[in-house]
Amino acid sequence: MYPVFFELPSWVPFLGGQPITSFGVFMLLAFLTAGYVLRSELRRVGEDPEKAWDFVFMAVVGGILGAKGYYLLLNWPRLVENPGAMLMSRGGLVWYGGFLLATALVIWEIRRQKMSVPSVADLMAPALALAYAVGRIGCFMVGDDWGLPTASRLGMRFPQGSPATTVQNIEQMFGVTVDPALIEEYGQVVPVHPTQLYEVGISTLIFFGLWRIRGHRHKPGWLFLVWLACAGMERFLVEFLRAKDDRFFGVLTVAQLISLGIVAFGVAGLVKMRGAQASETGEA
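Residues numbered from 1 in each chain as written. Predicted model: local features only at pLDDT ≥ 70, side-chain atom pairs only at ≥ 80, totals over all residues. Heavy atoms only, no water.

Observations regarding the packing of helix α1 (residues 22-44) against helix α6 (residues 117-142)
Then comes step 1: In the contact formed by α1 and α6, the axes pass within 8 Å of each other and the chain directions differ by 165°. The angle between the axes of α1 and α6 places the two elements in the roughly antiparallel class. In the packing of α1 onto α6, the handedness of the crossing is right-handed.
Then comes step 2: Of the residues that constitute the contact of α1 with α6, the class distribution is 19 nonpolar, four polar and two charged. (Axes fitted to C-alpha atoms, helices over the stretch in contact; angles between N-to-C directions. Helix = DSSP H or I, 4+ residues; strand = E, 2+ residues; numbered from the N terminus. Parallel < 35°, antiparallel > 145°, perpendicular 65-115°, else oblique. Left-handed = near helix turned anticlockwise from the far one by under 90°. Nonpolar A, V, L, I, M, F, W, Y, C, P; charged D, E, K, R; others polar.)

Given below as structure tokens:
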């Protein structure tokens with residue numbers, strides 16, 4: 001686990017002494033991954049491949065602002081108490097907030113370039129799946145977004161995590177009671193489910209699945225709807241193993257409710273599209 005790769009030399013203007021975090025590096029790699037995959041797909045269908053970077057730029061702006069905004073809404077009491085610290089902190093980025101605003105800005109850019117939103121969305125689906133996997137590696141490297149305590153062989157300890165997987169953090173921050181047997185065996189830093197790696201693995205599999213069927217003959221938008229359904233279900237299932245403090249709806253987290261909405265939207269779209277295609281075939 002490497003939260004900080006290195007610090008910039010003090011003589012660097014404006015940024016001297018600032019740390020280069022693993023999370024920041026992998027966030028950059030995630031956007032670059034999306035750009036290069038989308039670039040390849042645009043070239044495959046005869047579009048200008050350089051348009052990929054216009055879409056990535058909009059995704060960067062929307063992703064960062066949306067992720068930060070969503071985090072601030074979830075932590076409204078802390079924002080009111082100390083707005084300066086919350087607004088200027090390097091952390092506090094929530095995936096779904098970034099995804100929603102980035103989607104809106106990317107759609108605006110697609111329409112501005114007079115391209116088909118459903119068609120471009122299909123080209124973006126594999127890129128989004130792989131970029132998400134790369135981004136989650138950053139979460140793992142910095143020791144963030146880990147899961148519930150576990151005695152299984154998959155368990156990992158994050159003594160320098162954000163936060164560390166200490167008994168105090170798990171119980172006080174997330175309201176999870178740690179098994180005394182774990183404390184007896186491992187001490188105050190206990191192993192947890194590396195849910196970041198679970199998401200890396202599942203999202204990578206989703207990418208390969210989408211890549212294999214990307215030449216589908218369905219209506220434009222079909223592949224993107226498939227990705228929505230798969231990505232939403234992946235996040236919904238992994239959330240059961242996450243150490244979270246936002247289970248406001250029984251056992252479900254806010255992210256799980258959003259995930260269910262995304263799955264429902266994707267499945268409903270696929271069903272509607274299949275019905276429309278069946279009607280057209282019958283009429284023909």
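Quick look at the packing of α6 against helix α10 (residues 222-239)
Then comes step 1: Two elements in contact, α6 and α10, have axes separated by 7 Å at closest approach and are oriented at 25°. The orientation of α6 relative to α10 falls into the category roughly parallel. The element α6 and its partner α10 pack so that their crossing is left-handed. Of the residues in α10, those in contact with A121, D122, A125, P126, L128, A129, Y132 and R136 of α6 are W222, L223, F224, W227, E234 and R235.
Then comes step 2: Residues belonging to the contact of α6 with α10 are distributed by class as follows: ten nonpolar, no polar and four charged. (Contact = heavy atoms within 4.5 Å.)

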